[in-house]
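Coordinate inspection notes
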Amino acid sequence: AYTMYNSEPFTHTGVLATYNINDSVTAYGGYTMGWDSGFDDNGDSFLGGLSVALSDDVSVTYATTIGRFGALPLGTPEQGYMHSIVADIALSDNLQYIFQTDYLDTEASNGGATVRETFDINQYLIYTLSDCLAVGGRFEWYNQEGVYSPVGQDDDIYALTLGVNYKPHANVIVRPEVRFDWDDAEVAGLEDGTEQTTFGVDTIFLF
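Here's a quick rundown of the structure.

Parameters at a glance
Residues numbered from 1 in each chain as written. Predicted model: local features only at pLDDT ≥ 70, side-chain atom pairs only at ≥ 80, totals over all residues. Heavy atoms only, no water. Phe/Tyr/Trp six-rings, centres within 6.5 Å; stacked < 30°, edge-to-face > 60°. Helix = DSSP H or I, 4+ residues; strand = E, 2+ residues; numbered from the N terminus. Buried < 20%, exposed > 50% of the residue type's maximum accessible area, 1.4 Å probe, protein only. 1 Å grid on protein atoms, 1.4 Å probe; cavity = no way out; pocket = protein on both sides within 12 Å on 5 of 7 lines; lining within 4 Å. Points joined across faces, edges and corners; volume = space filled by probe spheres on them. Nonpolar A, V, L, I, M, F, W, Y, C, P; charged D, E, K, R; others polar. Pairing = 2+ DSSP bridges. Contact = heavy atoms within 4.5 Å. Polar contact = N/O pair within 3.5 Å; in protein donor to acceptor, adjacent residues only side chain to side chain. Core = buried A, V, L, I, M, F, W, Y, C linked by side-chain atoms within 4.5 Å.

A few points about the packing of aromatic side chains
Throughout the structure, instances matching the rule amount to 8 aromatic pairs. Considering the side-chain rings of Phe-119 and Trp-141, the 5.6 Å spacing of their centres and the 70° angle between planes classify their relative orientation as edge-to-face. With Phe-119 in strand β7 (residues 114-128) and Trp-141 in strand β8 (residues 133-145), this pair connects stretches of sequence that are 22 residues apart. Ring plane angle 20° and centroid distance 6.4 Å describe the contact between Phe-139 and Tyr-158, whose orientation is recorded as stacked. On the criterion of sequence distance, the pair formed by Phe-139 in strand β8 and Tyr-158 in strand β9 (residues 155-169) is long-range, its members being 19 residues apart. Judged by relative accessible area, which is 21%, Tyr-158 ranks as partly exposed. Clustering of aromatic rings is evident, with ring pairs tying together Tyr-2, Tyr-142 and Tyr-148.

Overview of the layout of surface pockets
The computed volume of the largest pocket comes to approximately 360 Å³. As for the largest pocket, its lining consists of 17 residues, and the residues nearest its centre are Arg-138, Thr-161, Asn-165, Arg-175 and Glu-177. Those elements that place two or more of their residues in the lining of the largest pocket are β7, β8, β9 and β10 (172-183). Contributions of two or more residues to the lining of the second largest pocket are made by β4 (58-70), β5 (78-90) and β6 (95-108). Across the lining of the second largest pocket, the residue classes tally to 8 nonpolar, 5 polar and 1 charged.

Description of the pairing of β9
The pairing of β8 with β9 spans 12 bridges and is classified as antiparallel. Bridge assignment links Tyr-142 to a residue of β9, and that residue is Ile-157. In this sheet, β10 lies alongside β9 in antiparallel orientation, the contact comprising 9 bridges. Across the sheet, the residue bridging to Tyr-158 is Trp-182, located in β10.

Observations regarding the side chain of Thr-161
Here Thr-161 shows up in strand β9. Beyond its immediate stretch of four places on either side in the chain, Thr-161 contacts Gly-136, Gly-137, Arg-138, Glu-177, Val-178 and Arg-179.

Looking at the environment of Asp-181
Considering the arrangement of structural elements, one finds Asp-181 in strand β10. Separated by 2.8 Å, the side chains of Asp-181 and Tyr-2 make a polar contact.

Brief notes about the nonpolar core
Counting 5 residues, the largest nonpolar core consists of Tyr-2, Tyr-142, Val-147, Ile-157 and Ala-159. Leave out the neighbours within four places in its chain, and Val-147 touches Asn-6, Arg-116, Thr-118 and Tyr-142.

Observations concerning the pairing of strand β2 (residues 25-32)
As defined by bridge partners, strand β1 (residues 14-20) adjoins β2 across 7 bridges and the pair is classed as antiparallel. Residue pairing in the sheet places Thr-18 in a bridge with Tyr-28 of β2. Counted between consecutive antiparallel strands, the loop separating β1 from β2 contains 4 residues. Where β2 meets strand β3 (residues 44-53), 8 bridges bridge the pair, whose relative direction is antiparallel. Bridge pairing in β3 places Thr-32 opposite Ser-45.

Have a look at this one:
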């Protein structure tokens, strides 16, 4: 998804504490050395959140990071705020719906101008046909400035992905998919949308 690639960290280096408030609520809190830091000091940020099981079929997770994120991914040292809210709903024994929304707002770490501001809504629908086979779809709306468009230019990007999860083995997942991307970017005040279609396959080995 656009938001996972452009508006979320992939890895953290730091310390995270977990506290089970009760059977339904879990709290998280800790410190990280910025985004995607390896073991280098790439920033100083708080990482935390809350997971709530509203019922046996519905859970909601809020996660946030606040502070200095470092120089990745755009090469400009950043500081700011990012959160992700994910709702996981079992509509039936075989059908799962996932709603995710992210918000990111950063500025130059010296207190300068905005670097990135993004908002996203991701929706997933996954239907399990058997222990080895599931089909699914994802629709994403990604609103951004400072990532693909300059700061001050608001751009909406959309992506529809349809795919299959196939498990030929308990530790192997094969995922073919077709993806449709389009946007409504404005260039020189005129509507100028672009679109593309992509087919891909990836394989995941679990160990």
